[in-house]
Amino acid sequence: MKAEIRQYIIEKLELDDDETIVMLIDSYTESLNDNTALLQKSLQSGHIAEAAGVAHAMKGASANIGAQPFFEVCRGIEYALKGGDVAAGKKLLGELLVLREVFLQETL
Amino acid sequence: MTNQTYNVLAVDDEKFSLVLLQSCLRNENYNLTTCDNALQAVKEFKTHDFDVILLDVMLGSIDGFEVRKLIREYNQKIPIIFLTSLLDDINSSLINRISDDQYSYYLNKSFQKKQLMEKIEHAVRVYREESDAARFYKQLNVDLLLAREVQRVLLPPWCSLNKHMLTTYLYEPCFRISGDSLDLVELGSGKYLLFLADIAGHGIQSALYMSAIQSFLKALRLEMVEQAWLPNVILNRINQFFCNDLSGGSYMTCLVAIFDYPKQRLVFQSAGHPGLICCSRREQRAYEIDMGDKGGVPVGWFARTVYQEEDNVYYELDPGDIILGYTDGLIDLKNDREETVATPLLLSLLTSLMEKSTFLPLPYLLRSALDQIGYNIVPDDVCIVEVRGVPKGDDNILQLINLSKGDVSRGVEHFWRFVEERTHDNELATRVELLLSEFLNNVIEYECANRPGLRSGILVQICLREPDTVFVTVLDREPKSDQDKLQLSRDAADVFEQQNKAMASSGRGLAIIRTISSNIMRKHFNGLNQTEFLIRSAQPWSVQS
């Protein structure tokens, strides 16, 4: 996925220096980790609205950088939680965690 | 893309989004300030100048629309570009909320750098163009107000009184600046030049033409010998000046009239302008002075035009005649049915109005009467001027008082002498003096505080009616409204002092006036106030000259 993101940054955001690309991907990764933790915590403690807000922020950041798989799963979580379907939200969180693991293993 | 620098405020609680914006806009012409919460964003906005705001729709506990509301309290028009994520956010409710504000835009969060920059530039360009236009119109407004002030200063006083004649006029621009021009020039030996013109257009250009023509007339007065003062000669000179010196693409209709009161004669010529109306007391009717087919084309049409002496119209004045000139704005006044003022109606109104006008200015009475019968749509500038011989008689006195306390003191002393000499009633004369002193000073304090100098004045008539009555009539112009005034900063302490003075003198003056006068009547005629006082003496008297 990192290769697609790299491609997106170069083509769509017109940033082609490696230093910036690495910095952006690192920054996105940090945001992804922080928000995933926050999302888990919110869901566990039953703060559904807050969890939906975090999913929304993750969806926006993913859209920003062209991380399409993350965007789609975060959008699913946000909609499920806003629609009151917490179980579906939690299920999608599982998918998000798997996706993140894959992403973290990837190298540029 | 331009080389202009844009000051951008980006607000997003997702720090990564801000990092990404910084990366995108780095090395471009953008000064980016980032905030990750609403409070900090509003604080930044209040303390720095920005050209555009990039705002996330959801900012944790507060949404972007709340932030926009806070920003709009300080700036109604700064562009706000809402950034949100993809199609699923583009629901009609979101779009409607963004569109609620004319200066809000939308950009998908999966934007391309080019789209982001184009969106920012478009929003800022619209904002800057509107700001420039607003500044331009503000300055234009100031210029228009100044041009109007210049135009007012160039006009003669609304009322002029000398030993030969009384002249008054009503000047009513349909917008701020009139295209009408009016001047009254004393030529010497009891002769007066009346110049009335209607310059094409209404704006600053008209005011400039007007000032040029009036300056030219004054210069002409110094240059020309008395014998040369004929309307056709003056028209030829004005036409040459208009066509050659001003070299403008404009023109004007005008009327040049010369009143010679010692010889009771009037000579005039029209250059495409409406003629003169005579309100004859002797014939008890108003009529248009017959010009036959005399007259010339408007000034400015052709440089080679020669206004001929045989086109001058001569008219023998009767002592009771009131001569009325006007611009076509008068007959262009409309009622609700889009009907304009027909000449028979105009003449019929004047015939009835002149009966009750011993000295009341017909321009104001006429305009007010037309207003009352529904001709209150003003599509063009209106200028009406009247010239009449000074009313004479042992039982009345007419005096124009300039807006200064010194003039009031001298004037009321004169009135005291007039009443005392004719009635030998010292107490009555003193009451008249006291009443006028209080009232005129009040007018100066209240209504004319902002119109010093000789541009305006108060016309006072005293009429003695045997066996025991004095009628005092005062005519004064209403001050211009505050909103139309050219705003100049004034010291607050000065304002308070003036208000205090006005309040102090008003209460005292009114009490005295009510004690002296048994009847007070006040009427208003399109900006002219008529106040009439009736004073009765304790003893009857008969007028002695």
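A quick note: this is a predicted structure, and the numbers were derived from the prediction, not measured.

### Re the overall build of chain A
Inference 1: Helix and strand counts for chain A stand at five helices and zero strands.
Inference 2: Counting helices and strands in the order they occur from the N terminus, chain A gives α-α-α-α-α.
Inference 3: Here the C-alpha atoms of chain A give a radius of gyration of 14 Å, agreeing with the 13 Å that 2.2 N^0.38 yields for 108 residues.
Inference 4: Scored against the burial criterion, the 108 residues of chain A give a buried share of 47%.
Inference 5: Of all intrachain contacts in chain A linking residues separated by at least 6 positions in sequence, the fraction that spans at least 24 positions is 58%.
Inference 6: Carbon and sulfur atoms provide 53% of the accessible area of chain A, an area that totals close to 5,100 Å².
Inference 7: Of the charged side chains in chain A, 10 are positive and 17 negative, and the gap between their average positions amounts to 9 Å.

### What about the UniProt feature "modified residue: Phosphohistidine" (unreviewed entry) in chain A?
Residue and element names in this part refer to chain A.
Inference 1: According to UniProt, the feature "modified residue: Phosphohistidine" (unreviewed entry) maps to His56 in the numbering used here.
Inference 2: Counting through the fold element by element, histidine 56 comes out in helix α3 (residues 48–65).
Inference 3: Taking the relative accessible area as the measure of exposure, histidine 56 reaches 6% and is therefore buried.

### Here's the deal with the UniProt feature "modified residue: 4-aspartylphosphate" (unreviewed entry) in chain B
Residues and elements named next belong to chain B.
Inference 1: Those residues carrying the UniProt feature "modified residue: 4-aspartylphosphate" (unreviewed entry) are Asp56 in this numbering.
Inference 2: Its place among the elements puts aspartate 56 in strand β3 (residues 52–56).
Inference 3: For aspartate 56, a relative accessible area of 3% translates into the label buried.

### Side note on the packing of aromatic side chains
Inference 1: Applying the stated rule across the entire model yields 14 aromatic pairs over all chains.
Inference 2: Put simply, the rings of A:Tyr28, A:Phe70, A:Phe103 and B:Phe16 touch in pairs and so form one group of aromatic residues.
Inference 3: Looking at A:Lys2, its charged tip hangs above the ring of A:Phe103, at a distance of 4.8 Å from the centre.

### Remarks on the nonpolar core
Inference 1: Residues B:Met252, B:Phe259 and B:Leu266 are the most contacted members of the largest nonpolar core, which totals 54 residues.
Inference 2: Beyond its immediate sequence surroundings of up to four residues, B:Met252 is in contact with B:Phe195, B:Ala197, B:Asp198, B:Ile199, B:Ile213, B:Ile238, B:Phe242, B:Ala271, B:Pro298 and B:Val299.
Inference 3: Counting residues in hydrophobic clusters, the runner-up holds 53 residues, among them A:Leu43, A:Leu81, B:Ala10 and B:Leu18.

### Some points on the interface of chain B and chain A
Inference 1: The interface of chain B with chain A comprises 20 residues on the first partner and 26 residues on the second.
Inference 2: For the side of chain B that touches chain A, the secondary structure elements donating two or more residues are α1 (15–25), α4 (86–89) and α6 (113–154) of chain B.
Inference 3: Looking at the side of chain B that touches chain A element by element, the count peaks at six residues for α1(B).
Inference 4: In terms of residue class, the side of chain B that touches chain A is made up of seven nonpolar, six polar and seven charged.

### Topic: the sheet that holds strand β10 (residues 180–188) of chain B
Residues and elements named next belong to chain B.
Inference 1: With antiparallel pairing, the five strands of this open sheet are ordered in space as β10-β11-β12-β13-β16. Looking at strand neighbours, the two that pair on one side only are β10 and β16 (313–316), the edges of this open sheet. Looking at each pair of strands side by side, their axes are set apart by 15° on average, direction ignored.
Inference 2: Those strands touched by helix α7 (residues 204–223) are β10, β11 (191–199) and β12 (252–260), and its axis lies near 10° from that of β10.
Inference 3: Most of the contacts of helix α8 (residues 231–245) go to β12, to which it runs at about 145°, and overall it touches β11, β12 and β13 (265–271).

### Observations concerning the sheet that holds strand β8 (residues 159–161) of chain B
All names here are of chain B.
Inference 1: An order of β8-β9-β18-β17-β14-β15 is seen for the six strands of this open sheet, with the pairing classed as antiparallel. At either margin of the open sheet sits one strand with a lone partner, and together these are β8 and β15 (285–288). Within this sheet the neighbouring strands show an average axis-to-axis angle of 15°, counted without direction.
Inference 2: As defined by bridge partners, strand β9 (residues 165–172) adjoins strand β18 (residues 382–389) across eight bridges and the pair is classed as antiparallel. Paired with threonine 167 across the two strands is valine 387, which belongs to β18.

Reading the values: rules and limits
- All residue numbers refer to position in the chain's written sequence, counted from 1.
- Naming scheme: in the order in which they are written, chains are lettered from A and ligands are numbered from 1.
- Given that the model is predicted, a residue must reach a pLDDT of at least 70 before its local features are reported, and side-chain atom pairs must reach 80 or more before they are shown or counted; all residues, however, enter totals for whole chains, interfaces and linings.
- Excluded from the side-chain calculation are hydrogens and water; included are all heavy atoms of the structure.
- The numbering of helices and of strands both runs from the N terminus, where a helix is a DSSP run of H or I of at least 4 residues and a strand a run of E of at least 2.
- Radius of gyration: over C-alpha atoms. The globule rule applied is 2.2 Å multiplied by the number of residues raised to the 0.38 power.
- Between buried and exposed lies partly exposed: a residue is buried under 20% and exposed over 50% of the maximum accessible area for its type, with that area taken using a 1.4 Å probe on protein chains only.
- Any two residues whose heavy atoms approach within 4.5 Å are treated as being in contact.
- What sets the accessible areas is the Shrake-Rupley method with a 1.4 Å probe; for residues, cover comes only from the shown protein chains.
- In this tally, Asp and Glu contribute negative charge and Lys and Arg positive charge; neither His nor the terminal groups of the chain are included.
- For the purpose of locating charges, the reference atoms are NZ of Lys, CZ of Arg, CG of Asp and CD of Glu.
- UniProt positions are given in the numbering used here, feature names are shortened, and annotations may be inferred rather than shown by experiment.
- Note on aromatic contacts: the rings of Phe and Tyr and the six-membered ring of Trp form a pair at centre separations within 6.5 Å, being stacked when their planes are under 30 degrees apart, edge-to-face when over 60 apart, and tilted otherwise.
- Two limits define a charge over a ring: the Lys NZ or Arg CZ must be within 6 Å of the ring centre, and within 35 degrees of the ring normal.
- We call a set of buried residues a nonpolar core when its members are Ala, Val, Leu, Ile, Met, Phe, Trp, Tyr or Cys and they connect through side-chain atoms within 4.5 Å of each other.
- Note on residue categories: nonpolar means Ala, Val, Leu, Ile, Met, Phe, Trp, Tyr, Cys or Pro, charged means Asp, Glu, Lys or Arg, and polar means any other residue, Gly included.
- Strand pairing follows a simple DSSP-based rule, namely that at least 2 bridges must link the two strands.
- Between N-to-C directions, angles cover 0 to 180 degrees, with each direction set by a line fitted to C-alpha atoms, over the stretch in contact for helices.

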